[in-house]
Amino acid sequence: QIPRSILRLKSLSYTVRKHRKIFPDKPYVKNLNEYIAHIKGFCNGSVDFSFRKPVIIPKLKEENEQEMIYRPISKYGMLDDKIMLNLTNKYLSLMFDGFFHDNILSYRIRREYRGEKKITSQHDAICTIKDYLMENNEKEIYVAECDIRKFFDILNHRIIKKEFSELIKKTDDTDTYQIIRLFNSYIDSY
């Protein structure tokens, strides 16, 4: 079964290709082509781009008699920011996927997993745990739990940038300047 988001993307892509071919002089097609060229300029570095600061929206997480705890939700308002965030994420996911252990299942690209080409999900995590429990049902099993609440709030941006630059040197990518600049711009937007 193909996810709805993939079907919508394929349908949109087909429609855009069709309209570009049949109606190349229509204003909306010209505007779309110009916007695509604009985004490509950001990607190849010929047009300067920096992420704008996101709007931080407080979302109530829990409430008790003493306090109300909010979770900050970041929202980029500009279409350029949203598109560049999505493209940068896809690029980095492809670049770094080979560095992850096979059983790290979230935020992965489509890959071979247990004999099937797929994007892994929480369902795969549950199946993996169930299989492990079945294989080791005679053994004592320990589970570790940790709470990473506020963990990302204390990360030093200078160290993140340095470690990212070091990691990117281990990839096969030869043109790293632009992706490092985009990553640093994203970190700086906070």
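Just so it is clear, the structure is predicted and the values come from calculations on it, not from any experiment. (Residues numbered from 1 in each chain as written. Predicted model: local features only at pLDDT ≥ 70, side-chain atom pairs only at ≥ 80, totals over all residues. Heavy atoms only, no water.)

1. Let's talk about the pattern of salt bridges
For the structure on display, the rule yields 9 salt bridges. Across the pair D97 and R108 runs a salt bridge, and its minimum N-O distance is 2.5 Å. With D97 in the loop between α3 (79-96) and β3 (111-113) and R108 in the loop between α3 and β3, this residue pair connects regions lying 11 residues apart in the sequence. The burial state of D97 is the same as that of R108; both residues are buried. The partner of K162 in a salt bridge is E163, with the nearest N and O atoms 3.8 Å apart. You can call E163 partly exposed: its relative accessible area is 45%. (Salt bridge = Lys/Arg side-chain N within 4 Å of Asp/Glu carboxyl O. Helix = DSSP H or I, 4+ residues; strand = E, 2+ residues; numbered from the N terminus. Buried < 20%, exposed > 50% of the residue type's maximum accessible area, 1.4 Å probe, protein only.)

2. Describing the confidence of the model for the protein
Across the protein, the average pLDDT comes to 89, with 97% of residues at 70 or higher. When mean pLDDT is compared element by element in the protein, helix α2 (residues 27-44) scores highest at 94, while strand β2 (residues 68-75) scores lowest at 87. (pLDDT = per-residue confidence, 0-100.)

3. Notes on a nonpolar patch on the surface
A cluster of nonpolar side chains, contributed by I129, Y132, L133, I141 and V143, occupies part of the molecular surface with about 500 Å² of accessible area. Residue classification places I129 among the exposed positions, given a relative accessible area of 51%. (Patch = residues over 30% accessible without salt bridge, like charges linked within 9 Å, V, L, I, M, F, W, Y side chains within 5 Å. Areas by Shrake-Rupley, 256 points an atom, 1.4 Å probe, with all protein chains shown as cover.)

4. Notes on the layout of surface pockets
Roughly 190 Å³ of internal volume is contained in the second largest pocket. Considering the residues around the second largest pocket, the lining is formed by C43, N44, M84, L87, T88, Y91, D173, D175, Q178, I179 and L182. When contributions to the lining of the second largest pocket are tallied by element, the ones reaching two or more residues are α2, α3 and α6 (177-188). The dominant element in the lining of the second largest pocket, judged by the number of residues it contributes, is α3, at 4 residues. (1 Å grid on protein atoms, 1.4 Å probe; cavity = no way out; pocket = protein on both sides within 12 Å on 5 of 7 lines; lining within 4 Å. Points joined across faces, edges and corners; volume = space filled by probe spheres on them.)

5. Here's the deal with the nonpolar core
Within the largest apolar cluster, 16 residues are counted, with the highest numbers of intra-cluster contacts made by M84, L92, F164 and I168. Where this core is concerned, the elements lending two or more residues are α2, α3, α5 (157-169) and α6. At 5 residues, α6 tops the list of elements feeding residues into this core. Those residues in contact with L92 that sit more than four places away from it in its chain are F164, I179 and F183. (Core = buried A, V, L, I, M, F, W, Y, C linked by side-chain atoms within 4.5 Å. Contact = heavy atoms within 4.5 Å.)

6. What about the packing of aromatic side chains?
Inspection of every chain in the model, using the stated rule, returns 10 aromatic pairs. When the centroid spacing of 6.3 Å and the interplanar angle of 35° are considered together, the rings of Y76 and Y186 count as tilted. Of this pair, Y76 sits in the loop between β2 and α3 while Y186 is found in helix α6, placing the two residues 110 residues apart along the sequence. Y76 sits in the buried class, given a relative accessible area of 6%. By the ring-pair criterion, three or more aromatic residues cluster together here, those being F42, F49, F51, Y76, Y186 and Y190. (Phe/Tyr/Trp six-rings, centres within 6.5 Å; stacked < 30°, edge-to-face > 60°.)

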